[in-house]
Amino acid sequence: MQTAAQRVEHQLTDKGYVPVYTTRVIEQPWDGYSATDHQTWSTLFQRQRELLVGRAAKEFVENQERFGMSADAIPKFSDLNRVLKDSTGWELIAVEGLLPELTFFEHLAARRFPVTWWIRKPEQLDYLSEPDLFHDLFGHVPLLLNPVFADYMQAYGAGGVKAAAIAPEALVNLTRLYWYTVEFGLINTPEGLRIYGAGIVSSKGESIYSLDSAAPNRIGFDLERVMCTRYRIDTYQKTYFVIDSYEQLMEATRPDFTPLYARLADQASVPAGSVLDSDTVFQRGSGEGWLNDGDV
Ligand code: PHE
Ligand code: FE
């Protein structure tokens with residue numbers, strides 16, 4: 001059953017689209033996009049694609065091309081879904097914005113990826129505090145064509161459903177895992193470190209900062225370490241975790257997490273900027289420009 005709050009639609013005001021909590025799955029109102037909306041997509045698409053040459057993991061751009069994503073117009077979910085259906089079997093569904101946690105997990109577990117249907121306003125090109133269509137489509141959707149990553153996303157959703165039932169206090173640990181992989185992950189390749197996290201690839205500033213800045217730590221991925229580590233929601237990350245491959249993610253998260261959750265419950269969280277003796281350090285950050293408070 002829906003509550004009144006969940007029935008309210010997303011509304012366009014002079015502050016842009018105001019986020020309203022709803023769990024409804026809708027049709028992407030493609031005909032309703034304005035010329036400005038398409039232009040915003042186009043500007044962001046071109047800008048990020050240029051910036052991401054030699055920065056994003058190669059499957060990222062390759063898969064955007066397999067999807068036929070271009071700067072011409074906002075893609076139609078129905079077109080993208082045809083490609084997805086024939087490859088990894090995922091399906092995009094249009095939503096108003098962030099979903100309640102359990103609903104989100106259930107969609108992922110069923111290989112449905114919720115995509116925010118509306119796009120930011122032109123004055124929000126550089127920063128937006130919540131996901132919009134550009135972040136979701138440009139950032140998340142390409143890797144859903146990668147078979148291993150696609151399986152990881154489903155396993156994550158199923159793991160979330162399970163955690164909500166048996167260890168709800170561990171959801172914070174799962175959220176950290178998502179944050180430091182799906183949103184802000186780096187991958188080590190023969191050509192050097194590359195970006196695969198959607199939160200990075202959809203941000204001009206962080207696409208540069210995450211790879212080039214001397215300020216943040218870059219540390220080898222370790223499941224338990226990541227699940228203990230607090231993160232930033234209002235600044236660039238203090239630490240990025242580096243995977244060797246998508247297989248590594250899949251293998252590290254394959255075991256039953258029940259004993260891990262019990263262990264994590266007794267462990268103190270690690271501040272976002274800490275480097276531990278046990279870390280594999282790619283780079284120890286200078287910490288320049290860091291704010292002392294605000295880790296979540
Ligand atoms: N293997 C985890 C469990 O048993 C589920 C999971 C998979 C969690 C992938 C996160 C990522 O709970
Ligand atoms: Fe995201």
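The structure displayed is predicted, hence computed values, not measured ones.

Quick word on the overall build of the chain
Turning to step 1, where the next piece is worked out: Of the regular secondary structure elements, the chain holds 13 helices and nine strands.
Turning to step 2, where the next piece is worked out: Taken over the C-alpha trace, the chain has a radius of gyration of 19 Å; the compact-globule value for 296 residues is 19 Å, and the two agree within 12%.
Turning to step 3, where the next piece is worked out: Principal-axis analysis of the C-alpha atoms gives the chain an extent of 55 × 45 × 40 Å.
Turning to step 4, where the next piece is worked out: Within the chain, the proportion of its 296 residues that are buried is 38%.
Turning to step 5, where the next piece is worked out: In the chain, of all internal contacts separated by at least 6 residues, the share reaching a separation of at least 24 is 65%.

Points about the sheet that holds strand S7 (residues 217-220)
For sheets, the rule is that strands pair by backbone hydrogen bonds, running either parallel or antiparallel.
Turning to step 1, where the next piece is worked out: Reading across from one edge, S6-S5-S8-S7-S9 is the order of the five strands in this open sheet, with mixed pairing throughout. The open sheet terminates on both sides in strands that have one partner only, identified here as strand S6 (192-195) and strand S9 (281-283). The mean inter-strand angle of the sheet, taken between neighbouring strand axes irrespective of direction, is 35°.
Turning to step 2, where the next piece is worked out: Strand direction decides the pairing type here: strand S5 (residues 186-189) and strand S8 (residues 239-243), joined by two bridges, are parallel. Note on S8: the bridge partner recorded for Ile-187 is Ile-243.
Turning to step 3, where the next piece is worked out: Its contacts with the sheet place helix H10 (residues 204-212) against S5, S6 and S8, and it is angled at close to 155° to S6.

With respect to the nonpolar core
Turning to step 1, where the next piece is worked out: Leu-92, Val-115, Leu-133, Phe-134, Leu-144, Ile-195 and Val-201 are the most contacted members of the largest nonpolar core, which totals 62 residues.
Turning to step 2, where the next piece is worked out: Excluding residues that lie within four positions of it along the chain, Leu-92 makes contacts with Phe-77, Leu-80, Asn-81, Leu-84, Phe-113, Val-115 and Val-141.

As for the environment of Tyr-180
Turning to step 1, where the next piece is worked out: Residue position: Tyr-180 is located in helix H8 (residues 171-183).
Turning to step 2, where the next piece is worked out: Residue classification places Tyr-180 among the buried positions, given that 25 C-beta atoms sit within 10 Å.
Turning to step 3, where the next piece is worked out: The spatial distance from the C-alpha of Tyr-180 to the C-alpha of Phe-241 is 6.4 Å, given a sequence separation of 61 residues.
Turning to step 4, where the next piece is worked out: Setting aside residues no more than four positions away along its own chain, Tyr-180 makes contact with Gly-185, Val-226, Thr-229, Tyr-231 and Phe-241.

Observations regarding the domain arrangement of the chain
Turning to step 1, where the next piece is worked out: Each assigned domain of the chain is listed with its residue range as follows: domain 1 (1-166) and domain 2 (169-296).
Turning to step 2, where the next piece is worked out: Using only C-alpha atoms to locate each centre, domain 1 and domain 2 end up separated by 22 Å.
Turning to step 3, where the next piece is worked out: Between domain 1 and domain 2, the residue contacts involve 28 residues of the former and 25 residues of the latter.
Turning to step 4, where the next piece is worked out: Those elements that provide at least two residues to the side of domain 1 that touches domain 2 are helix H2 (35-52), helix H6 (133-140) and helix H7 (147-166).
Turning to step 5, where the next piece is worked out: Classifying every residue of the side of domain 1 that touches domain 2 gives 16 nonpolar, seven polar and five charged.

Some points on the UniProt feature "binding site: Fe cation" (unreviewed entry) in the chain
Turning to step 1, where the next piece is worked out: Under the UniProt annotation, the feature "binding site: Fe cation" (unreviewed entry) is placed at His-135, His-140 and Glu-183. Over a stretch of 49 residues, the named residues converge on one spot in the fold, their C-alpha atoms separated by at most 10.0 Å.
Turning to step 2, where the next piece is worked out: Once you skip the residues sitting within four places of it in the chain, His-135 turns out to touch Ala-198 and Ser-202.
Turning to step 3, where the next piece is worked out: Topologically, Glu-183 is positioned in helix H8.
Turning to step 4, where the next piece is worked out: Residues contacting Glu-183, with those up to four places away along its chain left out, are Tyr-178, Gly-197, Ala-198 and Gly-199.

A closer look at the site of ligand 1
Turning to step 1, where the next piece is worked out: Every residue near ligand 1 is listed here: Ala-155, Tyr-156, Gly-159, Lys-162, Leu-177, Thr-253, Arg-254, Pro-255, Asp-256 and Phe-257.
Turning to step 2, where the next piece is worked out: Ranked by residues supplied to the shell around ligand 1, first place goes to H7 with four residues.
Turning to step 3, where the next piece is worked out: Of the residues that constitute the shell around ligand 1, the class distribution is five nonpolar, two polar and three charged.

Cut-offs applied
Residues numbered from 1 in each chain as written. Chains lettered and ligands numbered in written order. Predicted model: local features only at pLDDT ≥ 70, side-chain atom pairs only at ≥ 80, totals over all residues. Helix = DSSP H or I, 4+ residues; strand = E, 2+ residues; numbered from the N terminus. Rg over C-alpha atoms; globule rule 2.2 N^0.38 Å. Buried ≥ 20, exposed ≤ 12 C-beta atoms within 10 Å, placed from the backbone. Contact = placed C-beta atoms within 7 Å. Pairing = 2+ DSSP bridges. Axes fitted to C-alpha atoms, helices over the stretch in contact; angles between N-to-C directions. Core = buried A, V, L, I, M, F, W, Y, C linked by C-beta atoms within 7 Å. Domains from an automatic or database assignment. Nonpolar A, V, L, I, M, F, W, Y, C, P; charged D, E, K, R; others polar. UniProt positions renumbered as here; feature names shortened; annotations may be inferred. Near = placed C-beta within 6 Å.

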